[in-house]
Amino acid sequence: MYDVVIIGAGVTGCAVARELGKYGGKFLVLEKEEDVCCGTSKANSAIVHSGYDAVPGTNMAKMNVQGNAMMEDVCKDLDVPFDRIGSLLVCTEEEQRTALQELYERGIQNGVPDLRIVERDEALAMEPNLSDAVVAALYAPTAGIICPFKLTIAFAENANENGVEFQFDTKVTGLQKQGDGWTITTDSGEKIETRCVVNAAGVYADELNNLVSSRKLHITPRRGDYCLLDKSVGGYVKHTVFQLPTRFGKGVLVSPTVHGNTLVGPTAIDVEDKEATATTQEGLDKLIEQSAIGMKNIPIRSVITSFAGLRAHEDGHEFILGEAEDAAGFFNCAGIESPGLSSAPAIGKYTAELLQKKLSLVEKADWKKTRKDIQTLDGLTIEEKNALIKENPAYGTIICRCESVTEGEILDAIRRPLGAKSLDGVKRRTRAGMGRCQAGFCSPRVMEILVRERGVEMEAITKSGGDARIVIGTLPLRQTGEASGDTGIQAEIQD
Amino acid sequence: MNIDIVIVGGGPAGLAAAAAAKKAGAERILILERDKELGGILNQCIHNGFGLHTFKEELTGPEYAQRFIDQVEELQIEYKLHTMVMDISPDKDVTAMNREDGVFQIQAKAVILAMGCRERPRGALNIPGYRPAGIFSAGTAQRLVNIEGYMPGKRVVILGSGDIGLIMARRMTLEGAKVEVVAELMPYSGGLKRNIVQCLDDFGIPLLLSHTVVDIEGKDRVQAVTIAQVGPDRRPVPGTEKRFECDTLLLSCGLIPENELSLSAGITLSGVTNGPVVSDALETDREGIFACGNVLHVHDLVDFVSEEAAKAGRSAAAYVSGKSLKQGKAVKIIPEGGARYTVPVEVYPESCDDLVTVRFRAGNIYKDAFVSVYFDDEQISHVRKRIIAPGEMEQVVLQKKKLLEKPGLQNIRICIETDEGGR
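The structure presented is a predicted model; accordingly, all values stated were derived computationally and were not measured.

Parameters and conventions
- Residues numbered from 1 in each chain as written.
- Chains lettered and ligands numbered in written order.
- Predicted model: local features only at pLDDT ≥ 70, side-chain atom pairs only at ≥ 80, totals over all residues.
- Heavy atoms only, no water.
- Helix = DSSP H or I, 4+ residues; strand = E, 2+ residues; numbered from the N terminus.
- Rg over C-alpha atoms; globule rule 2.2 N^0.38 Å.
- Buried < 20%, exposed > 50% of the residue type's maximum accessible area, 1.4 Å probe, protein only.
- 1 Å grid on protein atoms, 1.4 Å probe; cavity = no way out; pocket = protein on both sides within 12 Å on 5 of 7 lines; lining within 4 Å.
- Points joined across faces, edges and corners; volume = space filled by probe spheres on them.
- Nonpolar A, V, L, I, M, F, W, Y, C, P; charged D, E, K, R; others polar.
- Domains from an automatic or database assignment.
- Pairing = 2+ DSSP bridges.
- Contact = heavy atoms within 4.5 Å.
- Buried area = accessible area lost by both parts, 1.4 Å probe.
- Salt bridge = Lys/Arg side-chain N within 4 Å of Asp/Glu carboxyl O.
- Axes fitted to C-alpha atoms, helices over the stretch in contact; angles between N-to-C directions.
- Core = buried A, V, L, I, M, F, W, Y, C linked by side-chain atoms within 4.5 Å.
- pLDDT = per-residue confidence, 0-100.
- Disulfide = S-S within 2.5 Å.

**A short note on the overall build of chain B**
Here comes step 1: Along chain B, the regular secondary structure elements total nine helices and 28 strands.
Here comes step 2: Since a compact globule built from 423 residues should have a radius of gyration of about 22 Å, the 22 Å found for chain B is in line with a globular shape.
Here comes step 3: The principal-axis extents of the C-alpha atoms in chain B amount to approximately 65 × 60 × 40 Å.
Here comes step 4: Burial statistics for chain B: of 423 residues in total, 60% are counted as buried.

**Thoughts on the overall build of chain A**
Here comes step 1: Counting secondary structure elements, chain A contains 14 helices and 23 strands.
Here comes step 2: Here chain A has a C-alpha radius of gyration of 24 Å; the compact-globule value for 495 residues is 23 Å, and the two agree.
Here comes step 3: Overall, chain A is about 75 × 65 × 50 Å in size when its C-alpha atoms are taken along their principal axes.
Here comes step 4: Here chain A holds 495 residues, and the buried ones make up 61% of them.

**A short note on the layout of surface pockets**
Here comes step 1: The calculated volume of the second largest pocket comes to roughly 720 Å³.
Here comes step 2: Lining the second largest pocket are 30 residues; nearest its centre among them are A:Thr376, A:Leu377, A:Asp378, A:Glu403 and A:Glu409.
Here comes step 3: The set of elements that each furnish at least two residues to the lining of the second largest pocket consists of helix H9 (382-391), strand E22 (405-406) and helix H11 (423-430) of chain A together with strand E7 (93-98) of chain B.
Here comes step 4: For the lining of the second largest pocket, the class distribution of residues is 10 nonpolar, eight polar and 12 charged.
Here comes step 5: There are two domains that each give the lining of the second largest pocket at least three residues, and those are domain 1 (2-359) and domain 2 (382-493) of chain A.

**With respect to the pairing of strand E20 (residues 330-334) of chain A**
Residue and element names in this part refer to chain A.
Here comes step 1: Along E20, five of the five residues are buried, which leaves the element largely enclosed by surrounding structure.
Here comes step 2: Of the two faces of E20, the one holding Phe-330, Asn-332 and Ala-334 and the one holding Phe-331 and Cys-333 are both buried throughout.
Here comes step 3: In terms of strand pairing, strand E12 (residues 191-199) meets E20 through three bridges, oriented parallel. What sits directly across from Val-198, in E20, is Phe-331.
Here comes step 4: When strand E19 (residues 320-323) meets E20, the two strands line up antiparallel, connected through four bridges. By the bridge assignment, Gly-322 is partnered in E20 with Asn-332.
Here comes step 5: If you look at the hairpin formed by E19 and E20, you'll find six residues sitting between the two strands, and Gly-329 has a positive phi there, around 85°.

**Section: the domain arrangement of chain A**
Residues and elements named next belong to chain A.
Here comes step 1: The assigned domain composition of chain A is domain 1 (2-359) and domain 2 (382-493).
Here comes step 2: Spacing between the C-alpha centres of domain 1 and domain 2 amounts to 31 Å.
Here comes step 3: Taken residue by residue, the interface counts 21 residues in domain 1 and 16 residues in domain 2.
Here comes step 4: Summed over both sides, the interface of domain 1 with domain 2 buries roughly 1,700 Å², with 47% coming from carbon and sulfur.
Here comes step 5: Sorting the residues of domain 1 by area buried against domain 2 places Glu-34, Glu-157 and Ile-304 first, and these three jointly supply 32% of that buried surface.
Here comes step 6: Our enumeration of links across domain 1 and domain 2 arrives at five salt bridges.

**Concerning the sheet that holds strand E5 (residues 78-80) of chain B**
Each strand in a sheet pairs with its neighbour through backbone hydrogen bonds, running either in the same direction (parallel) or in the opposite one (antiparallel).
Residues and elements named next belong to chain B.
Here comes step 1: One open sheet accounts for five strands, arranged E5-E2-E1-E9-E21; its pairing is parallel. Whereas interior strands pair on both sides, the edge strands pair on one side only; in this sheet they are E5 and strand E21 (289-291). Direction aside, the axes of adjacent strands within the sheet are offset by 20° on average.
Here comes step 2: Taken together, the three bridges between strand E2 (residues 29-32) and E5 define a ladder with parallel strand orientation. Residue Leu-32 lies in a different strand from E5, and its bridge partner there is Lys-80.

**Focus on unusual backbone geometry**
Here comes step 1: Going from A:Gly265 to A:Pro266, the amide bond is cis rather than trans, its omega being -10°.
Here comes step 2: Mapped onto the elements of the fold, A:Pro266 is located in the loop between strand E16 (262-265) and strand E17 (269-270).
Here comes step 3: The backbone of B:Gln76 sits at a positive phi, close to 55°, despite the residue not being glycine.
Here comes step 4: By secondary structure assignment, the location of B:Gln76 is in the loop between helix H2 (61-74) and E5.

**Let's talk about the sheet that holds strand E11 (residues 135-137) of chain B**
All names here are of chain B.
Here comes step 1: The sheet built from five strands is open, its strands ordered E11-E19-E13-E14-E15 with parallel pairing. The open sheet terminates on both sides in strands that have one partner only, identified here as E11 and strand E15 (207-209). Sheet twist, expressed as the mean angle between neighbouring strand axes with direction ignored, is 20°.
Here comes step 2: The pairing of strand E13 (residues 155-159) with strand E19 (residues 248-251) spans four bridges and is parallel.

**Some points on the interface of chain A and chain B**
Here comes step 1: Contact residues are listed per partner, giving 66 residues for chain A and 50 residues for chain B.
Here comes step 2: Carbon and sulfur atoms supply 55% of the area that chain A and chain B bury against each other, a total of about 4,900 Å² over both sides.
Here comes step 3: Applying the counting criterion to the chain A and chain B interface returns seven salt bridges.
Here comes step 4: Here A:Glu448 makes a salt bridge to B:Arg143, at a shortest N to O gap of 3.8 Å.
Here comes step 5: Within the residue set of the side of chain A that touches chain B, elements represented by two or more residues are helix H7 (281-291), strand E18 (303-314), H9, helix H12 (443-454), strand E23 (473-474), helix H13 (476-479) and helix H14 (485-493) of chain A.
Here comes step 6: The biggest single contributor to the side of chain A that touches chain B is E18(A), with six residues.
Here comes step 7: The residue inventory of the side of chain A that touches chain B, partitioned by class, reads 30 nonpolar, 20 polar and 16 charged.
Here comes step 8: As paired elements, E23(A) and strand E12 (residues 150-151) of chain B share two bridges and run antiparallel to each other. Bridging from a neighbouring strand, A:Gly473 pairs with B:Met151 of E12(B).

**What to know about the nonpolar core**
Within soluble globular proteins, side chains that are nonpolar generally end up buried alongside one another.
Here comes step 1: Membership of the largest hydrophobic core comes to 67 residues, with the highest contact counts inside it found for B:Ile5, B:Ile7, B:Ile88, B:Ile112 and B:Leu113.
Here comes step 2: When residues in this core are grouped by element, the largest group, nine residues, is from helix H8 (residues 302-320) of chain B.
Here comes step 3: Discounting chain neighbours no more than four positions away, the residues touching B:Leu113 are B:Val8, B:Ile88, B:Ser262, B:Ile267, B:Pro276, B:Thr284, B:Ile289, B:Phe290, B:Ala291, B:Cys292 and B:Val295.
Here comes step 4: Of all hydrophobic cores here, the second largest spans 55 residues; its members include A:Ile6, A:Leu20, A:Met71 and A:Cys333.

**Quick word on the environment of B:Gly102**
Here comes step 1: Within the secondary structure, B:Gly102 sits in strand E8 (residues 102-107).
Here comes step 2: The class for B:Gly102 is buried, based on a relative accessible area of 3%.
Here comes step 3: Distance in space between the C-alpha atoms of B:Gly102 and B:Thr83 is 9.4 Å, their sequence separation being 19 residues.
Here comes step 4: For B:Gly102, the residues in contact, after removing those within four places along its chain, are A:Asn386, A:Ile389, B:Ala96 and B:Met97.

**Let's talk about the confidence of the model for chain A**
Detailed conclusions should not be drawn from predicted coordinates in areas where pLDDT is low.
Here comes step 1: Taken over all residues, the pLDDT of chain A has a mean of 94, while the share at 70 or more is 95%.
Here comes step 2: Scored below 50 in pLDDT, residues 480-495 of chain A shows 16 contacts in the model against residues more than four places distant or in partner chains.

**Focus on the state of the cysteines**
Residue and element names in this part refer to chain B.
Here comes step 1: Tallied over the full model, the rule gives zero disulfides over all chains.
Here comes step 2: The closest cysteine sulfur to the non-disulfide-bonded Cys-199 is located on Cys-45, 12 Å from its own sulfur.
Here comes step 3: Exposure remark for Cys-199: the relative accessible area of 0% places this residue in the buried category.

**What to know about the pattern of salt bridges**
Here comes step 1: On inspection of all chains with the given rule, the structure shows 63 salt bridges over all chains.
Here comes step 2: Ionic pairing is found between A:Glu165 and A:Lys26, a salt bridge with its closest N-O pair at 3.3 Å. Placement of A:Glu165 in strand E9 (residues 165-167) and of A:Lys26 in the loop between helix H1 (11-20) and strand E2 (27-30) is noted, with a sequence separation of 139 residues between them.
Here comes step 3: The class of A:Lys26 is partly exposed, set by a relative accessible area of 35%.
Here comes step 4: Two residues, B:Lys332 and B:Glu346, come together in a salt bridge whose shortest N-O distance is 3.2 Å.

As structure tokens, this is what we get:
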């Protein structure tokens with residue numbers, strides 16, 4: 001019998017797990033994918049909002065402002081890249097000044113520190129590539145950028161180190177009240193008993209809630225398309241630049257990432273399918289068109305990849321948190337869309353504290369608060385690099401040339417607790433394959449390392465788990481043992 | 001480390017440059033190669049057709065590479081494998097790294113850039129759809145098949161008709177895969193005519209010009225690809241979509257010279273080739289740093305890479321021995337009328353070789369056109385070509401003697417002209 005089973009290993013589920021790790025008890029995270037951070041948490045704007053957007057008094061407003069305030073310490077403890085670069089919400093029409101002022105006041109009510117409205121000249125001094133139409137902007141110095149993969153992975157690793165179990169490739173198919181607790185049925189037919197359940201199932205959180213509660217939720221997957229630009233145009237934007245919605249559309253953001261790329265997005269397109277993360281030509285075109293409202297000369301030709309994520313948009317546009325009224329022991333973290341990433345530390349803490357009270361959990365004396373990220377060569381002096389390579393020669397071999405990722409980092413990513421099993425798993429942990437060649441060079445090399453480390457065949461290596469196999473088998477020529485196969489080919493093509 | 005010439009890259013360009021530099025008298029040459037063996041991309045090009053110009057015989061890629069590796073060995077040129085160059089400073093401080101030596105720095109007298117190129121990935125093409133397994137750049141698939149011995153898939157759609165894509169259409173077919181179609185965005189192929197004939201036509205693989213991929217289906221692995229015709233604006237034409245069930249999409253949509261290190265050295269790149277701008281000595285705008293092969297501009301035939309690289313090697317040797325390679329006044333070489341660029345972009349008549357090869361590519365297909373060379377307004381040559389295509393590199397040869405006869409010469413213009421006499 002578990003004390004708590006968390007369903008979903010996205011940033012929210014993992015944040016709850018990390019907080020639960022403080023307490024004595026038996027905790028489990030269930031995830032339908034092969035790894036943590038496979039849904040909304042991996043495809044978003046990678047920003048930490050300051051918190052002026054949400055309506056005062058809502059969970060969204062509270063969690064965002066609290067989460068933002070907590071982020072610095074969390075990222076320091078968990079060795080996650082986070083940079084408080086500040087955001088500018090630009091206003092491109094004089095008539096919009098009222099809207100800008102309203103958001104400013106809303107921010108003040110929400111408790112957002114140091115907000116102020118800046119006029120065009122000041123905004124332009126901060127951000128030289130603002131479009132000519134910009135008249136003023138709401139400057140929020142507490143906004144920041146973060147690596148959402150690293151945050152989610154760090155929460156999970158820290159939770160795991162403190163005893164929280166993780167089970168992947170496991171989809172929850174049933175949820176039954178059983179005495180004081182719950183019985184969870186999985187797609188493999190396994191039954192898991194637990195005292196409490198946390199619903200952190202992202203776009204599927206409505207389905208889980210609706211299994212047990214009469215207070216029905218309805219989540220619409222709201223797709224956001226993004227373009228990621230090369231590091232070579234890294235200096236183009238210094239703050240996260242949002243646009244006020246105009247008659248031309250809701251507007252998209254342009255922001256640096258913590259790794260020096262530039263992110264442009266997202267669109268907002270409601271879809272039916274909860275797995276529909278395909279980008280569309282229409283979406284990408286719209287994105288590029290809208291990004292030009294607030295910024296000019298966006299170097300969109302330097303795009304290295306485009307992708308789409310799904311926001312878990314609940315009809316009421318509010319975070320549904322806490323124990324369901326009619327389902328004791330079932331705790332929701334539902335409707336977590338933007339600012340969900342910013343709010344994750346606060347939602348994790350809030351939910352874990354509710355569970356602590358409910359289950360009378362006791363704090364552990366040996367809780368390990370910190371976690372170290374994978375060692376890299378970044379920022380080391382030549383002497384330090386050489387000491388590291390001498391100790392572990394794998395740090396002397398570059399595997400991903402675009403992002404300068406060494407074999408040492410990849411081995412660590414695979415070997416550490418909850419380690420990488422697929423190319424995407426390695427990518428999210430090390431950035432191998434995330435650069436301008438998009439894994440063209442390193443993928444066969446990373447595959448070889450995965451084969452060696454995991455003791456499996458090449459055919460078993462996937463891009464992202466499941467059926468995402470990269471090669472389908474050995475060459476027919478090799479299978480039949482015709483060593484002279486190549487000679488045969490040449491004879492055939494010589495005429 | 002006491003090194004005169006550091007060569008970055010041990011592919012065909014680096015090998016030929018090293019051999020030529022040594023033969024020209026340079027000592028203390030070091031090749032830095034990131035892979036486990038010399039030879040570069042030729043090692044995975046197991047098809048034949050290499051070396052017709054250089055050796056007057058048809059070799060496979062590895063055989064062609066071996067001839068140069070043998071030379072490097074015979075000439076006792078040093079090389080380091082598994083070694084990644086991390087940085088080149090403007091004053092030729094080369095920082096590299098490997099397992100044995102750790103991070104090390106070499107203050108070189110001359111540097112030859114021979115890093116080659118990379119393939120344009122799906123992301124840079126902004127193709128919409130899912131992002132499943134089964135999407136490969138053609139060269140990655142070629143490595144998986146020819147080096148590692150694995151099949152990437154069995155039903156294949158290819159986007160782009162670059163040479164690697166064409167070669168892989170044949171290769172996958174020979175290994176038992178079905179190649180459904182090759183789609184090319186442009187109204188002409190980016191590959192060699194001989195590859196279209198030998199790799200597509202001979203196997204009945206259709207080539208659809210002015211087509212592109214508009215959707216990729218499959219959450220885990222590619223399940224289908226939809227292609228559509230594009231209009232003159234290269235945008236998809238609604239209603240022309242064709243869906244192909246397949247498990248693999250190969251991309252052969254252009255090669256990009258790999259110049260991150262050149263940028264770290266402060267070298268100016270051409271906006272057309274994405275390679276360094278160089279003089280007739282193949283010297284970049286950083287003195288003593290030379291470039292050759294696909295890092296300079298993407299070649300069609302390796303024979304021309306070897307020839308160009310040998311020139312870079314000789315130039316570096318001359319530079320190390322104290323000879324100035326930019327004597328007197330430079331004459332600009334300007335591409336016009338369909339010629340997209342030239343390599344080199346300038347020639348120094350006083351210090352150049354007796355013959356200077358100028359290479360360029362056309363921006364379109366021209367039939368029965370002329371390649372003309374003008375010294376300022378005077379037409380120097382006017383050569384008829386049956387066909388000029390973007391997929392095939394063109395060249396003209398300038399004579400030093402003729403250049404010196406024109407002391408006040410400002411510009412050399414190289415033009416593709418479509419009718420007699422006109423420009």
